Amino acid sequence: MVEEKLTPLMEQYFRIKKDYPDKILFFRMGDFYEMFGDDAEEAAPILQIALTSRAHGKSARLPLAGIPYHAMDKYLARLIEAGKKVVICEQTENPKLAKGLVKREVVEIVTPGTFTPAGDNGYRPNYLATAVVDGDTCALSYMELSTGEFYVESIKSEDLIDRLRTISPSEVVLPESDDSLQSRVKLYLPEVSLSRLEDWKFDYDTAHQKLLDLFGVDNLEGFGISNGFSGVGAAGAVLYYLEENKLIELKHIRGLKIPRDDSRMFLDQATIENLELFSSASGKSLYSILNRTRTAMGARFLARALQAPLQDLASLKTRQDNLQLLVDDRRLLEIIAEHLKVISDLERIAGRLGRFRAGPRDLTALAVSLKSTLDLIENADELPGCETMLDDDDLRATAEIAGLIETALVDDPPATITDGHLIRSGYDFSLDELKASISSSQKWIAELQAIEKERTGIPSLKVGFNKVFGYYIEVSRSYVDTVPEEYVRKQTLVSAERYITDELKQKEELILSAEEKINSREEMLFLELREKLSEKIELLQKTADYISETDFYHALAQASLSGNYIRPELNDSDRIEIKNGRHPVIEQILPSGKFVPNDTMVDTRKSQIHLITGPNMAGKSTYLRQVGQLVLMAQVGAFIPAESAEIGLVDRIFTRVGATDKITLGQSTFLVEMNESANILNNCTGKSLILLDEIGRGTSTYDGLSIAWAVAEFLHETERRQARTLFATHYHELTRLSERFKRIKNFQVAVKEWQDQIIFIRKIIPGGCDDSYGIFVARLAGVPREVTERARVVLKQLEKGVFFDKADKTENREAESLFDHKYGGQVETWQKVIEKLQKADPNQTTPLEALNLLVKLKQMLEDNFD
C-alpha cells in the first residue's frame, strides 16, 4: 500500500536505498545531490544545510536536503570526518534524451579509507588498512588510494594494535566472523572506522590471484614477496573491498611494497609522539621546523623520511652530498624553489587518472607541472642525484604529454567536462566545423540588442539568455506599450517583460542544437585524451618521485641555512659525540640567542649510560628529546643544529617519557610506564639509543627506585642489550651506580642558588645532584606558602631519617590542627625576624650590636624549626 503512493522518482530512490541501509545516499537530480528521509535528517546538521521536505505521494511529505553537485567534495569531507559512509548515485543517461524517468546507478561508495578529495590534503596519508589474524601471526596491508601506495607485511598478532597506531589508518577492514578482533581494534582505536568483509576474501589463494590479476604478473617475487608470504591475504582483501565500493579502475597502483627492511629504522608510535616529530603541546614539531617544501609531494616525502630514517651509511652519505650541493649553491637553490612552487601534486593527479576521475583542471595543472619540471632540469647546471632520475627518453615523453595537453585544452578550462568550452580551436576538425556553423548566428544575436534599440527607440531594451528560458528580449514595464507587434511575450517579471521573435527563435534552436553537439563532441575528445594520458601513469609517477625527492633536499637546505646547521660525521661506530647541540624546535620558539646548547658524548665502551639528575623544569626532558631529534635528523640525511657532531648510526630510538594513563583500557600510569619499559628492554640492541625520562615514579618510592636501579643494571650488564642510554631521574640514590659499574656516568643539570632562589642554568655537566628543588618549583606554581614551608620542615626531618609517629604527639598537639600548630608558629617567627631586620639600621649599628642581633635571630629560628 505504501509503495503505491510513491511517485516514480521516489520508487527509484527507495529501490536503490534499500541496498545501502547503513549509508547516506547522494541521489543525483540535475545540478544537485539530494538526500531524503533519515539520510537528510542525519546529514543536514553535519553539513550545516537546510532541512526541507518533498511530497512523495498524494499526501505524505519526506524530509529533504541537497547540495550542489560541483561542491560534492567539500560536503563529502564533512560527512567522512564525522565517520559516515556515502553512496554516490549518478544519472547515467542524458536527461534531455531520456524517455520517462532518468536512469540512475550507484557509481561509488565513499568510506573514510577510500575518500580522495580533489584538492591537496597535506602530508598525512589517508590509509585504508586490512588485517587478518592466524594464531600468533597477523597479515596486515594498507593502501593510500589517492597516490597508489600499497603495503603488505606479516607481523606478530600481539603487535597489531601498536602497528596500526603507527600507520594511523582512517579505516580498518576485518573478517566479518572475527568478532574478537573487531572488539579489540574498537577498544584500542575507537577513532578508527571499522568495516567487515567476507572471510573468503582474506584467503591466501584467492587474494594471491587477485593481486596477480591487478599487476598482470605470474608471481609476486618481483615485488620482493615470496610464495606463501602470509601478508598476501590482507593485501588481496584491500582490492576486494575497493571493488565492493565500485572502485575497479586502479591503473595507478603499480606495485606492492614491504614497508620494513634492514635499510630503514623502525620508529614505534611512542617514539614518534615523545620526540614530537609531528605534533607537540607548543604547536611546533620537528616536521614543521624542517618543512620548507614547495609541493605536497615533497611534504609527504619528508614525513616518510622522518618516520623511517635510514640505517645504510652509503645512502646517508649520498643524501648528505646532495644536501651539501644545495647549501653551497644558493643560486641553484633559488632556481629549484622558483620552479617547484608552480608544480601541482603529480602523485594525486596520476591517481585520479588511474581511476578515470581526473578533470580538465587536473590536466592543465599536469601540463604546467611537467613544463616546469623540464625547465628546472634544463636551467639548473647541477641538481641533486635522486634515487629516481629522468633519462632522455623520459624527458622527451614528458614534453610530449605537456604538449598534447596544451594543444587539446584551453588555458583556463571549466571544473567539469559537462560545462563545455574545454577544447582548443584547431585540435579537432569536426569540432571546429560545429563551432563555425553557429558563429554567424551568435554574431547576429550579439548585434541584435543594438539593432533593436535603434529600430524600436526603447533605450532600456536588452538581449539575454538563461538555461531555463533560452534567449529573450527584455523591455522594462514603462516601454511595454511601444514594443513591435512581432514580439511574442515569453516571460513576465516584476519590473519587465521578456519577448521572443520568430527569427530569434530560429537562431536559438540552431545554436542550442549545435551547442549540444559541441558539448557532446568536447566530452568525447576529453575522455579520449584522458584515456591516452592514463597509459603514461608510470612516467608521471616516476616524475613525481623525482620532484618529491628534489623538494625534500630543497626543504632541508632551506632549514639548514636559516638555522645555521652543520653536516654531522656519520659512521658505524658506537659513539655519539655532539658539541654544543641545540634543540631544533625549542630554539625556534625562544628569542634569538636564549637557547643554551649542550654537549653529548656517549658510547658503549666507556660512557654507555648517563644518569642525569637535577631540578624539575631545569631542562632534562628537553635535553633528552634534543639528542633523540638530532640523531634522527642525522639519519634522515639532514644537517643538524650543533657546532660539530660525530654520530655512530643507531638501529632504533626508544623513548620512555612523561606520565600518562589509559583509563579506558584499564591501564594506570604506572602500567603504561612499565609496558613502555618492557618494550624497550625486550627489543633494544647494542646499536640502539634509549632515552628514559623517569622510571618507577608511578609507584611507591622504594618500588620505583628498585625498578629504576634494576633497569640500569640490566642495560649495563646484559649482553646484546648494552645500548647507548640517557637516563633522567629524580632518584638521587641511582648516582651510586657509577661507583659499581664502570660505564655508568653521572651528569646533572646545573643550577645556581642565590638569595633563597634557584636559577636554571640549563647546562648538562658531570656529577650527580642531590636535590630536585621540588619545593621551590611548587612555590613557583603558586602552591600556598604555608604548604611549601611545612614541606621544608618535613623534608628536613625525612633527610635526617626522622619520621613522625604517634609517640611524638602530645595530648595538646592532637587537639590542635596540624596547620594551626606548625604553620602558624613558623609564619609568626618569620614575621618577627623580618620585622627586626627592617628596624635595624646598618649605618647606626656597631659591629658588636650587629653580631648580637645575628645570634638572636639565629636562636629564634632554631627554637622554632629544630
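Scroll up to find the structure.
No experiment lies behind these values; they were computed from the predicted model shown.

Engineer: How should the packing of aromatic side chains be read in this particular structure?
Structural biologist: The geometry of an aromatic ring pair is captured by the separation of the ring centres together with the interplanar angle, meaning the angle of the planes. Within the structure shown, the criterion is met by 15 aromatic pairs. When the centroid spacing of 6.3 Å and the interplanar angle of 70° are considered together, the rings of Phe 27 and Phe 36 count as edge-to-face. For the residue pair Phe 27 and Phe 36, the accessibility class agrees, reading buried in each case. Seen from their ring centres, Phe 215 and Phe 223 are 4.8 Å apart, and the 55° between their planes marks the pair as tilted. A relative accessible area of 14% means that Phe 215 is categorised as buried. A residue is classified by how much of its surface remains accessible, and Phe 223, at 23% relative accessible area, is partly exposed. Here the aromatic residues Tyr 13, Phe 14, Phe 27 and Phe 36 are joined through ring pairs into a cluster of three or more. Cation over ring: Arg 28 sits above Tyr 69, and NZ or CZ is 4.3 Å from the ring centre.

Engineer: Hey, could you run me through the sheet that holds strand 20 (residues 644-648) in this one?
Structural biologist: Strand-to-strand pairing in sheets goes through backbone hydrogen bonds, with the strands running parallel or antiparallel. Read across the open sheet, the four strands follow the order 16-20-17-18; overall the sheet is mixed. Edge positions in the sheet fall to strand 16 (569-571) and strand 18 (598-603), since each of these pairs with one other strand and no more. The sheet shows a mean angle of 15° between the axes of neighbouring strands, direction not considered. The pairing of strand 17 (residues 575-581) with strand 18 spans five bridges and is antiparallel. Among the inter-strand pairings, Ile 576 is bridged to a residue of strand 18, identified as Val 602.

Engineer: It is not clear to me how a nonpolar patch on the surface should be interpreted in this structure. Could you clarify?
Structural biologist: Taken together, the side chains of Leu 848, Leu 851, Leu 854 and Val 855 make up a nonpolar region of the molecular surface, amounting to roughly 410 Å² of accessible area. Along the polypeptide, Leu 851 turns up in helix 29 (residues 847-865). Judged by relative accessible area, Leu 851 falls into the partly exposed class, the value being 48%.

Parameters at a glance
Residues numbered from 1 in each chain as written. Predicted model: local features only at pLDDT ≥ 70, side-chain atom pairs only at ≥ 80, totals over all residues. Heavy atoms only, no water. Phe/Tyr/Trp six-rings, centres within 6.5 Å; stacked < 30°, edge-to-face > 60°. Buried < 20%, exposed > 50% of the residue type's maximum accessible area, 1.4 Å probe, protein only. Lys NZ or Arg CZ within 6 Å of the ring centre and 35° of its normal. Pairing = 2+ DSSP bridges. Helix = DSSP H or I, 4+ residues; strand = E, 2+ residues; numbered from the N terminus. Axes fitted to C-alpha atoms, helices over the stretch in contact; angles between N-to-C directions. Patch = residues over 30% accessible without salt bridge, like charges linked within 9 Å, V, L, I, M, F, W, Y side chains within 5 Å. Areas by Shrake-Rupley, 256 points an atom, 1.4 Å probe, with all protein chains shown as cover. Salt bridge = Lys/Arg side-chain N within 4 Å of Asp/Glu carboxyl O.

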